[in-house]
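Architecture at a glance
The chain contents come next:
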Amino acid sequence: MSIRHARLALLGAAGALLCSTLAHAEPYLAVANGYKCSQCHVNPTGGGERTPFGNVFAQTVLPARHLDTGTDVWTGQINRFISLGGDLRFDATAQSVPGTKSSNSFDFQQARVYLEASVIPDRLLVYVDEQVAPGGALNREAWGMFWSADHTWYIKGGQMYLPFGFRLQDQGAFVNISGIYMQTPDNGVEVGWIKGPWDAQLALSNGTAGGPTTTNGKQASAQLQFVQSRWRAGVAANFNDSSDSGNRDAFGIFGGLKTGPIAWLAEADIVNDKSLPVGGGQKQLAALLEGNYSPARGHNLKVTFEYLDPDRDVAHDQQTRWSVLYEYTPIQFVQIRGGARFNDGIPQAPEQHLKVYFVELHGFF
Amino acid sequence: MLKHLPRRLGVPLAAALLAGCAGNGQGLDSNGQPIGPGSAPDKPLTAEFQSIQDNIFTPKCVRCHSGGGAPEGLQLDAAHSYALLVGVPSAEVPALQRVKASDPDSSYLVQKLEGSSGILGERMPRGGPYLPQATIDVIRQWITNGAQQGSPPAAASSAFRLAATSPPHQAVMAAPPAQLLVAFNREVDLSLVNDTTVYLERLTAQGAVRVPGQAAFRLAPGNSAAVLLQPAAPLTSGTYRLTVRGTGPAPLADLNAQALDTDYVSEFTVEAPAP
């Protein structure tokens, strides 16, 4: 069987496996291909274990070269009921801040294992996302999810990442001022509605990001997206009144656009944090504009511009960050990422002028 | 395809450049706060808590570690940080204190900042820039020196008040807490901590009932602003009310005999064990 035929066969098999499950990967891949998050990920809001479609996509569409494995194809499915996945990132990083000695290091960022038990296939599943390294085991997600028969509705309960804008791989992105990213799961319930071009979630959680639970207040998160093959747009909101020192509210708009070989992402978030004791709170604004240019299969040039106003009541304190990354996926499940990030801020704060250069080995399955 | 790249990629990114540039910092201190008549001038980092708060926690940590959603419940703004750091078990590795006075190697804060092999989750600050070792060494020195709070600015004129409790108000605990923490905004006079000024009640349908047995009181290790209460017996399931008295004939007070500004009440619930 030729590689081309093998790819077609794999995609066909994935289509058959897909049924009504949807998936998610890096957001730019969803934008570039016109997918919803759930096209490639078990979690309808993206991130974590890949669906069979996502696994086949990662073997056939993503890499520059597909190493032929014959008829043995990894789909993550151990059997009809159990699926496995994983993610590993190892970095070599150099960083410099004006006035201080440059540093460089090798860092094992993470090894994560995903386990999914489809106890009632296509309807009821239990999912665990466990970070097993570095350090001791750390549970990131553990939830159960029940789909309606037509896969239009679902309800999910447990410890989970909350829906709010793009779920970016870069955990240091300015738009993470929302406080919702892939290191801050929370305990709660989420209801989702996925129909046609619409994709919506509403979640109610403790609002303590893994800290002790409280009935002082709760956190509500909502997101609505409209997804087309070449563009998408969405809005998100988050209200957290779990602290007796004040509420923290966040609002975001986000969208994607495909223009030829370039997939664009844009997001802008505002946060009003009244829990800070100074000045009755702090109003923040963060924005991101990212272009992903794919000159050939397996290659991606990512250029990102970010803007942060850490306190909208204070003038002249804005920060920016430029990132230039190249991602090369030589074969299935292996990616090499390298790039630089350049921060800029007020002259009197050297740490706001951080420069980071890194190379990352990324393995996933 | 490549020849179109500059136009396709360049126009939106140029627009982004025009839309947002870094601030020039005019009129701001090194933490990005306005310099005004009452503001404190920038001071270099020293091995004192207030200096560490002003130079590290406030500018670098509070963006994430604030409010109810602060990761692991650790709020690092000036009003909460000391009370929630010194002598307080870490949420990720409860066997370690976040800051263990006089023992920086056993302080989880230091381990998180240095990215030690025993930590859970990410090295801090998340995503970098990581603190230079020289800066971490200043924190180490503060801990080695006993992790004292010192005197926050204008402390003498501010009210003596409660900063935090653990479990926090309205917490719902799956398991009974081994000890309770009551943290203040400055050092408390331990001789005034007794079952009249600090007491725990179990709320029942018949009303509030004092928890039987004597609770042991002690200062959190190395933190004279926080008191640990050790119940005489494990708490059973139910709702509890912790009262800290700032009124009455013998109110709780700080080391300057300034009474707590008011009475404080904090409630929490211990859930029944799963069958």
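Residues numbered from 1 in each chain as written. Chains lettered and ligands numbered in written order. Predicted model: local features only at pLDDT ≥ 70, side-chain atom pairs only at ≥ 80, totals over all residues.

**Side note on the overall build of chain A**
- Of regular secondary structure, chain A possesses three helices and 17 strands.
- Going through the 365 residues of chain A one by one, you find that 47% of them count as buried. (Helix = DSSP H or I, 4+ residues; strand = E, 2+ residues; numbered from the N terminus. Buried ≥ 20, exposed ≤ 12 C-beta atoms within 10 Å, placed from the backbone.)

**Considering the overall build of chain B**
- On a plain count of helices and strands, chain B comes out with five helices and nine strands.
- Scored against the burial criterion, the 275 residues of chain B give a buried share of 39%.
- Long-range contacts, defined as pairs at least 24 residues apart, comprise 60% of the intrachain contacts of chain B with a sequence gap of at least 6. (Contact = placed C-beta atoms within 7 Å.)

**What about the pairing of strand 8 (residues 238-244) of chain B?**
Residue and element names in this part refer to chain B.
- Pairing between strand 4 (residues 198-204) and strand 8: six bridges, direction antiparallel. Its bridge partner being in strand 8, Glu 201 is matched across the sheet by Arg 241.
- Where strand 8 meets strand 9 (residues 264-270), seven bridges bridge the pair, whose relative direction is antiparallel. Residue pairing across strands places Val 244 opposite Tyr 264, the latter belonging to strand 9. (Pairing = 2+ DSSP bridges.)

**Some points on the sheet that holds strand 6 (residues 216-220) of chain B**
All names here are of chain B.
- Reading across the sheet, the four strands line up as 1-3-7-6 and stay open at both edges, with antiparallel pairing between neighbours. Two strands bound the open sheet, and with one partner strand each, they are strand 1 (162-166) and strand 6. When strand polarity is set aside, the average angle formed by the axes of neighbouring strands in this sheet is 20°. (Axes fitted to C-alpha atoms, helices over the stretch in contact; angles between N-to-C directions.)

**Structural notes on the domain arrangement of chain B**
All names here are of chain B.
- Examined at the domain level, chain B breaks down into domain 1 (49-144) and domain 2 (156-270).
- The gap between the C-alpha centroids of domain 1 and domain 2 is 24 Å.
- On the side of domain 2, 11 residues touch domain 1, which itself brings 12 residues to the contact.
- Per-class residue counts for the side of domain 1 that touches domain 2 are seven nonpolar, four polar and one charged. (Domains from an automatic or database assignment. Nonpolar A, V, L, I, M, F, W, Y, C, P; charged D, E, K, R; others polar.)

**Points about the confidence of the model for chain A**
- When pLDDT is averaged along chain A, the result is 87, and 89% of the positions lie at 70 or above.
- Note on residues 1-25 of chain A: pLDDT under 50 across the span, and 55 contacts to partners over four residues away in sequence or across chains. (pLDDT = per-residue confidence, 0-100.)

**Notes on the interface of chain A and chain B**
- Facing the 67 residues of chain A at the interface are 56 residues of chain B.
- Listing elements by their share of the side of chain A that touches chain B, those giving two or more residues are strand 8 (213-214), strand 11 (248-259), strand 12 (262-273), strand 13 (282-293), strand 14 (299-309) and strand 15 (319-331) of chain A.
- Broken down by element, the side of chain A that touches chain B gets its largest block of residues, four residues, from strand 13 of chain A.
- Classifying every residue of the side of chain A that touches chain B by side-chain character gives 25 nonpolar, 34 polar and eight charged.

**Comments concerning the nonpolar core**
- With 55 residues, the main nonpolar core has Val86(B), Leu181(B), Val182(B), Ala183(B) and Ala226(B) as its most contacted residues.
- Three or more residues apiece are contributed to this core by two domains, here domain 1 (49-144) and domain 2 (156-270) of chain B.
- Once residues within four sequence positions are removed from consideration, Val86(B) is found in contact with Val99(B), Ala101(B), Ala147(B), Ala220(B), Gly222(B), Asn223(B) and Ala226(B).
- Counting 49 residues, the second largest nonpolar core, distinct from the first, contains Leu29(A), Leu288(A), Tyr293(A) and Leu308(A). (Core = buried A, V, L, I, M, F, W, Y, C linked by C-beta atoms within 7 Å.)

**A closer look at the environment of His316(A)**
- Assignment of secondary structure puts His316(A) in the loop between strand 14 and strand 15.
- With 14 C-beta atoms packed within 10 Å, His316(A) lands in the partly exposed category.
- His316(A) sits 122 residues away from Ile194(A) along the chain, and the two C-alpha atoms are 43 Å apart.
- Those residues in contact with His316(A), other than ones at most four positions away along the chain, are Ile346(A), Gly23(B), Asn24(B), Gly25(B), Gln26(B), Gly27(B) and Leu28(B).

**Quick look at the environment of Pro129(B)**
- Looking at the secondary structure, you find Pro129(B) in the loop between helix 4 (108-114) and helix 5 (133-144).
- Here Pro129(B) falls in the buried class, since 21 other C-beta atoms lie within 10 Å of it.
- Sequence-wise, Pro129(B) and Lys60(B) are 69 residues apart; in three dimensions their C-alpha atoms are separated by 9.5 Å.
- Ignoring sequence-local partners within four residues, the contact set of Pro129(B) consists of Gln95(A), Val97(A), Glu351(A) and Leu354(A).

**Let's talk about helix 2 (residues 49-61) of chain B**
Residue and element names in this part refer to chain B.
- Its 13 residues place the ends of helix 2 only 15 Å apart at the C-alpha level, less than the 18 Å of an ideal helix rising 1.5 Å per residue.
- Along helix 2, the residues classified as buried are Phe 49, Ile 52, Gln 53, Asp 54, Ile 56, Phe 57, Thr 58 and Cys 61.
- For helix 2, the secondary structure elements touched by its buried residues are helix 3 (81-85) and helix 5. (Expected span 1.5 Å × (residues − 1).)

**So, the pairing of strand 16 (residues 334-344) of chain A**
- Where strand 15 of chain A meets strand 16 of chain A, 10 bridges bridge the pair, whose relative direction is antiparallel. The partner of Trp322(A) across the bridge, within strand 16 of chain A, is Phe342(A).

**Notes on helix 3 (residues 52-60) of chain A**
- Of all nine residues in helix 3 of chain A, nine are buried; the element is thus mostly enclosed.
- Listing the buried residues of helix 3 of chain A in full gives Pro52(A), Phe53(A), Gly54(A), Asn55(A), Val56(A), Phe57(A), Ala58(A), Gln59(A) and Thr60(A).

**Concerning unusual backbone geometry**
- Each neighbour pair has its own omega, and for Met124(B) with Pro125(B) the value is -10°, a cis peptide bond.
- By the element assignment, Pro125(B) lies in the loop between helix 4 and helix 5.
- One non-glycine residue with positive phi stands out, namely His151(A), at about 55°.
- Note that His151(A) resides in the loop between strand 4 (138-147) and strand 5 (153-160).
- Residue classification places His151(A) among the partly exposed residues on the basis of 17 C-beta atoms within 10 Å.

**Some words on the environment of Gly85(A)**
Residues and elements named next belong to chain A.
- For Gly 85, the position within the fold is in strand 1 (residues 82-96).
- Among the residues examined, Gly 85 registers 22 C-beta atoms within 10 Å and is labelled buried.
- Setting aside anything within four residues of it in sequence, one finds Gly 85 in contact with Glu 49, Arg 50, Gly 76, Tyr 114 and Phe 365.

**Overview of the confidence of the model for chain B**
Residue and element names in this part refer to chain B.
- Confidence in the prediction of chain B, expressed as mean pLDDT, is 81, and 86% of residues score 70 or more.
- No element of chain B has a lower mean pLDDT than helix 1 (residues 5-19), at 53, and none a higher one than helix 4, at 93.
- Scored as a complex, the prediction yields pTM 0.75 and ipTM 0.72.

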